[in-house]
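Results of the structural survey
Residue-level listing of the chains:
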Amino acid sequence: QVQLVESGGGLVQAGGSLRLSCAVSGRTFSVYGMGWFRQAPGKEREFVAGILWNAGNTDYSDSVKGRFTISRDIAKTTVYLQMNSLKAEDTAVYYCAAASWRGRLGVWSRDYDVWGQGTQVTVSS
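Here we summarise the structure given alongside this text. (Residues numbered from 1 in each chain as written. Predicted model: local features only at pLDDT ≥ 70, side-chain atom pairs only at ≥ 80, totals over all residues. Heavy atoms only, no water.)

1. So, the overall build of the protein
Note the following rule: Helical segments are the DSSP runs of H or I of at least four residues, strand segments are the runs of E of at least two, and each set is numbered from the N terminus. Based on C-alpha atoms, the radius of gyration is set beside the globule rule, defined as 2.2 Å times the residue count to the power 0.38. Relative accessible area decides the class of each residue, using a 1.4 Å probe on protein chains only: under 20% of the type maximum gives buried, over 50% gives exposed, and in between gives partly exposed. Pairs of residues are marked as contacts when any of their non-hydrogen atoms sit within 4.5 Å. Using the Shrake-Rupley algorithm and a 1.4 Å probe, accessible areas are obtained, with residue cover drawn only from the displayed protein chains. His is not counted here, nor are the chain ends, while Lys and Arg score as positive and Asp and Glu score as negative. Where a charge lies is defined by one atom per residue type: Lys uses NZ, Arg uses CZ, Asp uses CG and Glu uses CD.
What the protein contains, in helices and strands, is zero helices and eleven strands. Each helix and strand of the protein, placed in order from N terminus to C terminus, yields the pattern β-β-β-β-β-β-β-β-β-β-β. Whereas a compact globule of 125 residues would reach a radius of gyration of roughly 14 Å, the protein reaches 13 Å, a difference of no more than 12%. Counting only C-alpha atoms, the protein reaches 40 × 25 × 25 Å along its principal axes. Looking at the protein residue by residue over its 125 residues, the buried ones come to 43%. Contacts spanning at least 24 positions in sequence make up 56% of the contacts within the protein whose residues lie at least 6 apart. Working note: accessible area of the protein is about 6,300 Å², and carbon and sulfur atoms make up 49% of it. With 13 positive and 10 negative side-chain charges, the protein shows a spacing of 3 Å between the two charge centroids.

2. A closer look at unusual backbone geometry
You will see that Thr-77, though not glycine, has its phi angle at about 45°, which is positive. The topology assignment puts Thr-77 in the loop between β7 (68-73) and β8 (78-83).

3. Considerations on the environment of Ile-51
Positionally, Ile-51 belongs in strand β5 (residues 46-52). When the C-alpha atoms of Ile-51 and Met-34 are compared, they prove to be 5.4 Å apart, with 17 residues separating the residues in sequence. The residues touching Ile-51, leaving out its near neighbours within four places in the chain, are Tyr-32, Gly-33, Met-34, Gly-56, Asn-57, Thr-58, Ile-70, Ser-71, Arg-72, Val-79 and Leu-105.

4. Some remarks on the nonpolar core
For soluble globular proteins, nonpolar side chains are generally found buried alongside one another. Applied cut-off: Definition of nonpolar core: a set of buried residues of the types Ala, Val, Leu, Ile, Met, Phe, Trp, Tyr and Cys, connected through side-chain atoms within 4.5 Å.
By size, the foremost hydrophobic cluster in this structure holds 29 residues, and its most contacted members are Leu-4, Met-34, Trp-36, Leu-81, Met-83 and Tyr-94. Counting residues per element, the ones that place at least two in this core are β1 (2-7), β3 (18-26), β4 (33-39), β5, β7, β8, β9 (92-99) and β11 (119-124). If sequence neighbours within four positions are ignored, Met-83 has contacts with Gly-16, Ser-17, Leu-18, Leu-20, Arg-67, Phe-68, Tyr-94 and Val-121. In terms of nonpolar packing, the next biggest core, distinct from the first, is built from seven residues, Phe-37, Phe-47, Leu-105 and Tyr-112 among them.

5. Topic: the pattern of salt bridges
For clarity, the threshold we go by: For salt bridges, the criterion is a side-chain nitrogen of Lys or Arg within 4 Å of an Asp or Glu carboxyl oxygen.
Applying the stated criterion across every chain, the model contains six salt bridges. Asp-90 is the salt-bridge partner of Arg-38, the closest N and O atoms lying 2.9 Å from each other. Note that Arg-38 is positioned in strand β4 and Asp-90 in the loop between β8 and β9, a separation of 52 residues in sequence. In this structure, the salt-bridge partner of Asp-62 is Lys-65, at a minimum N-O distance of 3.3 Å. Since its relative accessible area comes to 68%, Asp-62 is described here as exposed. One connected set of salt bridges, linked through shared partners, spans Arg-38, Glu-46, Arg-67 and Asp-90.

Right, dumping it as structure tokens:
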């Protein structure tokens, strides 16, 4: 089994930056892809960014493309989400998720097998 622990959330003003981290432990060799999702109050959980663990291919939602960057440090078994130019609408609980082999980078919640506990990001306008 894989365990995920997010950190780095907080309160930031609009236009500011935050970096989220997701520490991956356990059977890390089984991880194929990692994703970041977010859920705002009253809204569905939505895909933010994803990365293939070994190949490094990435994908982003249109709403964050050009502002957010996903990366991973294989040696540290950690995935990062660098968030720049934050907007009030980025306010949400952010979750990292791990997927076993799929053959592609998933963009839906159902594509992922293990989830972290979430970290709150609040952007004040």
